[in-house]
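A look at the structure
Below are the chains, spelled out letter by letter.
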Amino acid sequence: MSAVTNPATVAQCLRVGAGFSQGDRNWIVEQFATLDARLAAFHADATELEVSVKDRDARGQKVTLECWIAGRQKIVTTSAEEDLRAALNDARDDLRRRLNDAKTRQEPRHNKHVREIGREGVEAPADAETV
């Protein structure tokens with residue numbers, strides 16, 4: 001049995017904020033579907049996503065995607081792309097990269113094999129003082 005019994009998905013965790021209506025939600029969930037594989041490592045009850053847009057369909061619109069995962073720092077991604085679909089995809093891709101980066105930063109601490117390989121060939125200088 002996997003450690004995450006109720007994996008997070010965009011459909012479960014997404015709230016639409018300012019600038020979007022509930023009618024936009026299904027379309028946005030489809031745009032963000034590629035995040036599901038990344039979010040599956042987290043429990044649905046401990047994960048929240050919120051997307052909002054300021055000045056929708058105007059020059060200078062700004063899409064903001066926020067992600068809260070229990071026990072981690074909030075991740076905020078933004079996009080100023082003029083096309084709304086492009087802005088959503090830009091914010092989504094940035095969130096996916098940042099989630100991957102956060103996972104990569106954590107993995108070596110919990111993987112003894114990686115830690116040991118990382119230390120091979122690293123020795124204290126012969127003239128180093130010991131305390």
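Everything here concerns the structure above.
The notes below deal with the structure included here. (Residues numbered from 1 in each chain as written. Predicted model: local features only at pLDDT ≥ 70, side-chain atom pairs only at ≥ 80, totals over all residues. Heavy atoms only, no water.)

Summed over the entire model, instances satisfying the criterion amount to nine salt bridges. Of the charged contacts in the structure, one is a salt bridge between K74 and E66, with a shortest N-O distance of 3.0 Å. Of the residues examined, E66 reaches a relative accessible area of 14% and is grouped as buried. Of the charged contacts in the structure, one is a salt bridge between D93 and R96, with a shortest N-O distance of 2.9 Å. Residue D93 and its partner R96 are both found in helix α4 (residues 84-106); the two are separated by three residues, about one turn of the helix. The exposure class of R96 is partly exposed, given its relative accessible area of 26%. Taken together, the salt bridges that share partners define one network made up of R15, E48 and E50. (Salt bridge = Lys/Arg side-chain N within 4 Å of Asp/Glu carboxyl O. Buried < 20%, exposed > 50% of the residue type's maximum accessible area, 1.4 Å probe, protein only. Helix = DSSP H or I, 4+ residues; strand = E, 2+ residues; numbered from the N terminus.)

The mixed open sheet is built from four strands, whose spatial order is β1-β2-β3-β4. Two strands bound the open sheet, and with one partner strand each, they are β1 (14-16) and β4 (75-79). The mean inter-strand angle of the sheet, taken between neighbouring strand axes irrespective of direction, is 15 degrees. Two elements, β1 and strand β2 (residues 47-54), share three bridges in a ladder whose sense is parallel. Note that in β2 the partner of L14 across the bridge is L49. Strands β1 and β2 of the sheet are contacted by helix α2 (residues 22-31), whose axis makes an angle of about 140 degrees with β1. (Pairing = 2+ DSSP bridges. Axes fitted to C-alpha atoms, helices over the stretch in contact; angles between N-to-C directions. Contact = heavy atoms within 4.5 Å.)

Okay, the nonpolar core next. One finds F32 and V51 to be the most contacted residues of the largest nonpolar core, which totals 27 residues. Broken down by element, the residue count for this core peaks at six residues, all from α4. Apart from the residues within four sequence positions on either side, V51 is in contact with L14, R15, V16, G17, F20, I28, F32, V63, T64, L65 and L88. (Core = buried A, V, L, I, M, F, W, Y, C linked by side-chain atoms within 4.5 Å.)

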